[in-house]
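Residues per chain are reported as follows:
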Amino acid sequence: MVVGDIQKITATLSPDLPVIFYNSTAEPLASDAYCDGATIKTSQMWVGREGWVPCVVVELGQGF
């Protein structure tokens, strides 16, 4: 993933859109770990009384 990937997605969406960071590895990340972003995509999440709302999901790669 490169910075241009996130810019393409966020340029067309609301600035207050939730961004969810997803750790796809089985290992927990330390609080001071850095990660590469593996993928970014638009998605939806369930919010209580509102139902499905748009969001952005960033899948994290290996920590370093």
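(A) Here's a closer look at the overall build of the protein. Looking only at helices and strands, the protein has 1 helix and 3 strands in total. Helices and strands in the protein line up, N terminus first, as α-β-β-β. Projected onto its principal axes, the C-alpha coordinates of the protein cover approximately 35 × 30 × 15 Å. Residue pairs at least 24 apart in sequence account for 62% of intrachain contacts in the protein once pairs closer than 6 positions are excluded. Surface accessibility of the protein: about 4900 Å² in total, with carbon and sulfur atoms responsible for 57%.

(B) Summary view of the pairing of strand 3 (residues 51-63). The pairing of strand 1 (residues 19-23) with strand 3 spans 5 bridges and is parallel. Looking at the pairing, Asn23 lines up with Leu60 of strand 3. Pairing analysis gives 11 bridges linking strand 2 (residues 35-47) to strand 3, with the strands arranged antiparallel. What sits directly across from Thr39, in strand 3, is Glu59. Between the antiparallel neighbours strand 2 and strand 3 lie 3 residues.

(C) The arrangement of the sheet that holds strand 2 in detail. Taken in spatial order, the 3 strands make up an open sheet running 1-3-2, and their pairing is mixed. Of all strands in the sheet, those bounded by a partner on one side alone are strand 1 and strand 2. If you compare each strand with its neighbour and ignore which way they point, the axes differ by 30° on average.

(D) View of the nonpolar core. Listed in full, the 6 residues of the largest apolar core are Ile9, Leu17, Ile40, Val56, Val58 and Leu60. Broken down by element, this core gets its largest block of residues, 3 residues, from strand 3.

(E) Examining the environment of Asp32 more closely. Residue position: Asp32 is located in the loop between strand 1 and strand 2. Taking C-alpha positions, Asp32 is 22 Å from Pro18, a pair spaced 14 residues apart along the chain.

About the thresholds
Residues numbered from 1 in each chain as written. Predicted model: local features only at pLDDT ≥ 70, side-chain atom pairs only at ≥ 80, totals over all residues. Heavy atoms only, no water. Helix = DSSP H or I, 4+ residues; strand = E, 2+ residues; numbered from the N terminus. Contact = heavy atoms within 4.5 Å. Areas by Shrake-Rupley, 256 points an atom, 1.4 Å probe, with all protein chains shown as cover. Pairing = 2+ DSSP bridges. Axes fitted to C-alpha atoms, helices over the stretch in contact; angles between N-to-C directions. Core = buried A, V, L, I, M, F, W, Y, C linked by side-chain atoms within 4.5 Å. Buried < 20%, exposed > 50% of the residue type's maximum accessible area, 1.4 Å probe, protein only.

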